[in-house]
Amino acid sequence: MRIRTAAVVLGTAAALSVLAVPAASADTAKAATIGKVVINGGKPIVLGTANKTFTASLTASDDSGIALAGIAFLHNAAGDELETTDADPVCKAVNSTTSTCTVTFKVNAKRDLGSNAAAGTWYAYGVVIPKDADLDTGAGVVSKDKAATTKVLRATKLTVNAAPEPVKKGKTLTVTGSLTRADWKTAKYTAFVGQKAVLQFRKAGTTKFVNVKTVTSSKTGALKTTVKAAKDGYWRYVYTGSTTTAAVSAAADYVDVK
């Protein structure tokens, strides 16, 4: 995995010089404060096999105003870090003392993580440089190890096919599908074995899906079950996710019942 220092996260020469020395204590009388941190719009970061771009913002305050702030992400297990892009954080003043700084991240799971063990909880590490910070000593610079948490999850794919189409009322309908999950080591989607997927049905003309039964994926990730055809409507499989894997719903398949 790529390991990046907080200085690189901030991405400026000033940050490099400041972060080379210890940051000032956050409990001094006029220390800057780190407030709200928003990661990926409040949603988990779901990584598949392609590049993923997302933003994280940090709101900070200081009597002198905020010159710069940045965010890094550290894994709870190993301390490995997700890197920012080369662009500097973009800071916008809320008022004379408070600013919100936004950092853009572009992540590729195979390149930047390389291991499925990296899925799970990550911590946001925040650094704030007030306008009156001493760039020679680092005085006034404030950091926070666990400014926020987020989930970094392996992406999933799910398909469904209900057949035959159309089908006579009362006849057997076979509903098949496939559940796969992103492998960050190989950058491929592979069979997600032994997982529970819920078969759902939505009657034509309605908006709500209803649970029908639970189906377990095979050693190839395949899903298969049978139901009696009763009404026109839409069939889909749903996987509810886990602490390391994203939830997913298959695109619904419409069946006309004659």
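Residues numbered from 1 in each chain as written. Predicted model: local features only at pLDDT ≥ 70, side-chain atom pairs only at ≥ 80, totals over all residues. Heavy atoms only, no water.

Peer 1: I tried to follow the sheet that holds strand β3 (residues 52–61) on my own but got confused; where do I start?
Peer 2: Backbone-to-backbone hydrogen bonds pair the strands of a sheet. The strands run either parallel or antiparallel. An order of β1-β3-β7-β6 is seen for the four strands of this open sheet, with the pairing classed as antiparallel. Edge positions in the open sheet fall to β1 (33–39) and β6 (90–93), since each of these has one partner strand only. For this sheet, the mean angle separating the axes of adjacent strands, direction not counted, is 20 degrees. (Pairing = 2+ DSSP bridges. Helix = DSSP H or I, 4+ residues; strand = E, 2+ residues; numbered from the N terminus. Axes fitted to C-alpha atoms, helices over the stretch in contact; angles between N-to-C directions.)

Peer 1: Would you mind showing me how to read the sheet that holds strand β2 (residues 45–47) here?
Peer 2: Taking strand neighbours across the sheet as the criterion, the five strands line up as β2-β9-β8-β4-β5 in an open arrangement whose pairing is mixed. Looking at which strands have only one partner, the edges of the open sheet turn out to be β2 and β5 (81–82).

Peer 1: Can you help me understand the packing of aromatic side chains in this one?
Peer 2: In this description, an aromatic ring pair is defined by two values, namely the gap between the centres and the angle between the planes. Across all of its chains, the model carries six aromatic pairs by this definition. Between Tyr234 and Tyr254 the ring centres are 4.9 Å apart and the planes differ by 55 degrees, which places this aromatic pair in the tilted class. With Tyr234 in strand β16 (residues 233–239) and Tyr254 in strand β18 (residues 253–255), this pair connects stretches of sequence that are 20 residues apart. When its relative accessible area of 26% is taken as the criterion, Tyr234 is described as partly exposed. Ring pairing ties together the aromatic residues Phe54, Phe73 and Phe105, which thus form one cluster. The ring of Tyr123 has Lys146 lying over it, and the distance from NZ or CZ to the ring centre is 4.4 Å. (Phe/Tyr/Trp six-rings, centres within 6.5 Å; stacked < 30°, edge-to-face > 60°. Buried < 20%, exposed > 50% of the residue type's maximum accessible area, 1.4 Å probe, protein only. Lys NZ or Arg CZ within 6 Å of the ring centre and 35° of its normal.)

Peer 1: Explain the nonpolar core to me, please; I cannot follow it from the model alone.
Peer 2: As a rule of thumb, soluble globular proteins bury nonpolar side chains together. Counting residues in hydrophobic clusters, the biggest one holds 34 residues, and the most contacted among them are Ile39, Phe73, Leu113 and Trp184. Elements with a minimum of two residues in this core: β1, β2, β3, β4 (66–75), β7 (98–107), α3 (109–113), β8 (120–130) and β9 (142–154). Setting aside its immediate chain neighbours within four residues, Ile39 contacts Ile45, Phe54, Thr55, Ala56, Phe73, Ala124, Ala148, Thr149 and Thr150. Within the second largest apolar cluster, 22 residues are counted, among which are Leu158, Val175, Leu179 and Val227. (Core = buried A, V, L, I, M, F, W, Y, C linked by side-chain atoms within 4.5 Å. Contact = heavy atoms within 4.5 Å.)

Peer 1: Looking at this model, I keep getting lost on the environment of Arg202. Mind explaining?
Peer 2: Here Arg202 lies in strand β13 (residues 196–203). For Arg202, a relative accessible area of 18% corresponds to the buried category. Placed 32 residues apart in sequence, Arg202 and Tyr234 show a C-alpha to C-alpha distance of 5.1 Å. Excluding residues within four positions of it along the chain, Arg202 makes contact with Thr207, Lys208, Phe209, Gly233 and Tyr234. From its side chain, Arg202 meets the backbone oxygen of Thr206 in a polar contact 2.6 Å long. (Polar contact = N/O pair within 3.5 Å; in protein donor to acceptor, adjacent residues only side chain to side chain.)

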